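A look at the structure
Letter by letter, the chains look like this.
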Amino acid sequence: LGKSSRKTAFESLLKLLNDPKDNIRASSRKMLALMVGEDLGENPNAWNEWYLPRREFSQEAWLEERLAHRQAKLHRIEGELDSTRIRNRNLYQQLYARMTPTEKVPFLLGLIDHEDDGVRLLAANWAGECLPEENMRKPSGEMLLKLSSDTAIEVRKQAVLGLGRWTEKVALDRLLLVMQTDAGPVRVAAARSLANQARSQDGTSRLSVVLPALQSGLGDVSIEVGVESAEGLGALGVPAAVPLLAGLLRHKATLVRKTASQALERIADASAFEEILRAIDDTEPEIRLYLLGALSRAANSHKNMKEADLLRLQSRLEIMFLRDGDAGVRSRAASLLGDFGNPNHLNNLYKAAVTEGDPRIQEKSWGAFLEIIVRTSSLKMIQDWSLKLLQLIAARGITNQPTNPGRKISR
């Protein structure tokens, strides 16, 4: 009756408080306390007073109140349990900090099957930290392998990140399997660890299997996995990654395009020139900024750039320098005009340098202006522009003895 929580059950138990048998009264009182949430004592009047305002409750209203009481009690117990778990983890951390290296391995082995996910997460983190120690490398790696199959995603993720620092073949095989079969957050960690494996001292031998895995990750259903794969390919700096990253510049997800453009800024070559030029008008200013850096790298690696390609490059840079809505993009475009521009761009660079506006644009425009002047090495051009500058100095009333000589030279 007590476990049924029904109103009629409460009424029946309430009557039994007057039973002549002690054991019946005690059992009824215990079940009433279970239903109410507190023990009101042996006196039936106290229980009647509690029940009086609820006498007219419908069965549904009665059960709703009992359910609310049970949920409140459950939340309270869960809160106490969480507090206990936190204290328990803190004690484990204090204990681990005082251990010698020889004591750590058996201690960590005892935590692998701990009932608390948070403790197993600590074990995964500690096992990864122990990998650099030669005498602990193998047992720590084996612990990470086991924890990479844990039931908790966060534990698996931490273990997979640790496996990226263990150079045994079994770790590489496990990462390749995780990359294909596990949950999204764990696959993200696997992509990062695979890139770390390929960057290790003997990582060259792993490139043949790591590169295809990361290339496959680019098309993963999870955007985060694709982004991490692109970042990994960029960090490896291998030419084979350039066309794959260039293809991602057309991806609909901003985060993917941003990651690809960042990576290309480090490793772009001539093969990516066309893709970068087509993507240079991205809607995101930060991506356009990275793409300008990638475009510069791709153009500089172009040993025999055709005249038509150079003109297209100059035209795109000039348009961005004059019209882009972001000052950072305009200033970087101005800087690149200094590298790839010609005397036809001097007028626009000069106007931007002497016109009041964003200091970054002024500084980069003036630097690009000087780069083109120096590269052209035309005495007549130097004389013509010197005359214009003198006229500007006279018009603005700049003195011959400025307090900051470097500032006058800059002007």
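Structure shown above.
This structure is a prediction, so every number in the text was calculated from the model and none was measured.

Turning our eyes to something else, we now look at the environment of Asn88. Relative to the elements of secondary structure, Asn88 occurs in helix α4 (residues 59-97). The class of Asn88 is partly exposed, set by a relative accessible area of 27%. C-alpha of Asn88 to C-alpha of Val119: the two residues are 31 residues apart in sequence and 8.5 Å apart in space.

Attention now goes to the packing of helix α6 (residues 117-130) against helix α8 (residues 153-163). At a minimum axis separation of 9 Å, α6 and α8 run at an interaxial angle of 5°. With respect to α8, the element α6 is oriented roughly parallel. On the side of α6, the interface is formed by Asp117, Arg120, Leu121, Ala124 and Asn125, while α8 contributes Glu154, Val155, Gln158 and Ala159. A per-class count over the contact of α6 with α8 returns four nonpolar, two polar and three charged.

This part takes up the nonpolar core. With 104 residues, the main nonpolar core has Leu245, Leu264 and Ile276 as its most contacted residues. With residues up to four places along the chain from it excluded, the contact list for Leu245 reads Ala230, Gly234, Ala260, Ala263, Leu264 and Ile267. In terms of nonpolar packing, the next biggest core, distinct from the first, is built from twelve residues, Leu17, Met35, Trp50 and Trp62 among them.

With respect to the secondary-structure elements, Leu291 resides in helix α16 (residues 285-300). Judged by relative accessible area, Leu291 falls into the buried class, the value being 1%. The spacing of Leu291 and Gln362 is 71 residues in sequence and 21 Å in space, taken between C-alpha atoms. In contact with Leu291, other than residues within four places in its own chain, are Leu249, Ser261, Ile276, Ala279 and Ile280.

The rules behind the values
Residues numbered from 1 in each chain as written. Predicted model: local features only at pLDDT ≥ 70, side-chain atom pairs only at ≥ 80, totals over all residues. Heavy atoms only, no water. Helix = DSSP H or I, 4+ residues; strand = E, 2+ residues; numbered from the N terminus. Buried < 20%, exposed > 50% of the residue type's maximum accessible area, 1.4 Å probe, protein only. Axes fitted to C-alpha atoms, helices over the stretch in contact; angles between N-to-C directions. Parallel < 35°, antiparallel > 145°, perpendicular 65-115°, else oblique. Contact = heavy atoms within 4.5 Å. Nonpolar A, V, L, I, M, F, W, Y, C, P; charged D, E, K, R; others polar. Core = buried A, V, L, I, M, F, W, Y, C linked by side-chain atoms within 4.5 Å.

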